[in-house]
Amino acid sequence: MASEAETLSSPVIDLRSDTVTKPTAAMRAAMAEAEVGDDVYSEDPTVNRLEARAAEVFGREAAIFVPTGSMGNQIAIKLHTQSGQEVICEARGHVVDWEMAAVSAISGCHLRTIPGERGVLRWEQIKAAIAPKLYYRPQTGLIELENSHNMAGGTVTPLDVYEEIWHGARDAGIPVHLDGARVFNAAAALGIDVATLTSGFQSVMFCLSKGLCAPVGSVLVGSRRFIERARSVRKMLGGGMRQAGILAAAGLIALEEMPQRLHEDHSNARLLAEGLAALPQVEIDLDAVQTNIVIFRLRGVADVSQILARLKQKGVLAAAAAADQIRFVTHHDVSREACQQALAITAEAVR
């Protein structure tokens, strides 16, 4: 079956997600030449280099390469919790909507969701949701946060908010995990490094395959003991890969080279957002456009499917963030000129 992009005449402007990025020429060359071994035996030198470098970048003792961000999150949740506990998270978090109820299926826990303003949770909200110490109430086993926040429109949680959460969680004896699928976008928007932004989390997952352009893979970082235990859970979930250095070679380039250009994606997202805001048919929260994601509504339109079909016919691929919301995501493979073209096509399509 042909993909959406393949059914259209080129060029296609694909703004559905930053997951559609193709590996760069340098990544393809590195993949072709990668030194490999059996990673289940911890004998793949390229995977080992990626894990060591990721740990260094995040200021951690160790790291583990996993096939997907969802697997990285679920490994962390499994290790931090016990069956029958609660996981506190934001109401529109990735673990709520896009990880197939894995918190329940794999860890035997359920989610205690809290709506945050533009996806940002604060300690007072979290504190109020922590279960009382009663034997007949499920206990809070973990606090799980997301930065940047996908379904809130790529919004960013600043460091001072996290510092308060880390302090409060530490006093409460509750670990905190970060779904940092796009944490490099968050760090770029805040102008700080990822090690500082994530220093108080017990574990952090980040994706190589979104804005960083690697074809496959994510990394989970934490203490040495935590990552040793993570290897067993990764194997249990089917994530024990063999000559995975072919993938890790691209991941190394993604980690070393691609964060420096994320500001370009953010600038392009701002271009789209401000252009959309000028259209009378569009409702958009410009203050929520902080990284590479743009979410907007159309006045009087409860179902955007026809608009998406119209955009597709004109060569622009976009996604629905909700029945009445359209999402654009900027990335390496969409130039500023392409964004300007997409804006013009959208203006025509919504009239």
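Above this text you will find the structure in question.
Throughout what follows, the structure given in this document is the object of discussion. (Residues numbered from 1 in each chain as written. Predicted model: local features only at pLDDT ≥ 70, side-chain atom pairs only at ≥ 80, totals over all residues. Heavy atoms only, no water.)

## Some remarks on the pattern of salt bridges
Okay, step 1: Per the counting criterion, the structure on display carries 19 salt bridges.
Okay, step 2: The shortest N-O distance in the salt bridge between Asp-285 and Arg-118 comes to 2.8 Å. In this pair, Asp-285 sits in the loop between strand 9 (282–283) and strand 10 (293–298) while Arg-118 sits in the loop between strand 4 (110–114) and helix 6 (123–129), placing the two residues 167 residues apart along the sequence.
Okay, step 3: For Arg-118, a relative accessible area of 32% corresponds to the partly exposed category.
Okay, step 4: Salt-bridge contacts for Glu-228 lead to Arg-225; the nearest nitrogen and oxygen are separated by 3.7 Å. Within this pair, Glu-228 and its partner Arg-225 are both found in helix 10 (residues 224–236), separated by three residues, close to a single helical turn.
Okay, step 5: On the accessibility criterion, Glu-228 (45% relative accessible area) is partly exposed. (Salt bridge = Lys/Arg side-chain N within 4 Å of Asp/Glu carboxyl O. Helix = DSSP H or I, 4+ residues; strand = E, 2+ residues; numbered from the N terminus. Buried < 20%, exposed > 50% of the residue type's maximum accessible area, 1.4 Å probe, protein only.)

## Side note on the pairing of strand 13 (residues 325–329)
Okay, step 1: Burial runs high along strand 13: five of the five residues are buried.
Okay, step 2: The side-chain alternation of strand 13 yields two buried faces, one formed by Gln-325, Arg-327 and Val-329 and the other by Ile-326 and Phe-328.
Okay, step 3: Relative to strand 13, strand 10 is paired through five bridges, and the arrangement is antiparallel. In the strand pairing of strand 13, Ile-293 is matched with Val-329.
Okay, step 4: Summarising the sheet, strand 12 (residues 319–322) and strand 13 pair through three bridges and their orientation is antiparallel. What sits directly across from Ala-322, in strand 13, is Gln-325.
Okay, step 5: If you look at the hairpin formed by strand 12 and strand 13, you'll find two residues sitting between the two strands. (Pairing = 2+ DSSP bridges.)

## Some remarks on the nonpolar core
Okay, step 1: Among the nonpolar cores identified, the biggest contains 53 residues, and Phe-65, Ile-143, Leu-145, Phe-184, Phe-206 and Leu-208 are the most heavily contacted of them.
Okay, step 2: No other element matches helix 11 (residues 245–257), which puts seven residues into this core.
Okay, step 3: The contacts of Phe-184, once residues within four sequence positions are left out, are Val-57, Phe-58, Val-194, Phe-206, Leu-212, Leu-255, Pro-259 and Leu-262.
Okay, step 4: The next biggest cluster of nonpolar side chains, apart from the first, holds 30 residues, and it includes Val-289, Ile-307, Leu-308 and Leu-311. (Core = buried A, V, L, I, M, F, W, Y, C linked by side-chain atoms within 4.5 Å. Contact = heavy atoms within 4.5 Å.)

## A look at helix 2 (residues 45–57)
Okay, step 1: Taking 1.5 Å per residue as the helical rise, helix 2 with its 13 residues ought to reach 18 Å, and the 18 Å between its terminal C-alpha atoms agrees with that figure.
Okay, step 2: Within helix 2, the full set of buried residues consists of Thr-46, Val-47, Leu-50, Glu-51, Ala-54 and Ala-55.
Okay, step 3: Put simply, Asp-44 is the residue that caps the front of helix 2, since its side-chain oxygen is 3.0 Å from the backbone nitrogen of Thr-46.
Okay, step 4: The positive-phi residue at the C-terminal boundary of helix 2 is Gly-59, with phi of around 65°. (Expected span 1.5 Å × (residues − 1). Polar contact = N/O pair within 3.5 Å; in protein donor to acceptor, adjacent residues only side chain to side chain.)

## Quick look at the environment of Ile-293
Okay, step 1: Residue position: Ile-293 is located in strand 10.
Okay, step 2: The buried category is assigned to Ile-293, whose relative accessible area is 0%.
Okay, step 3: Taking C-alpha positions, Ile-293 is 15 Å from Arg-336, a pair spaced 43 residues apart along the chain.
Okay, step 4: Excluding residues within four positions of it along the chain, Ile-293 makes contact with Asn-150, Gly-153, Gly-154, Arg-182, Ala-269, Arg-327, Phe-328 and Val-329.

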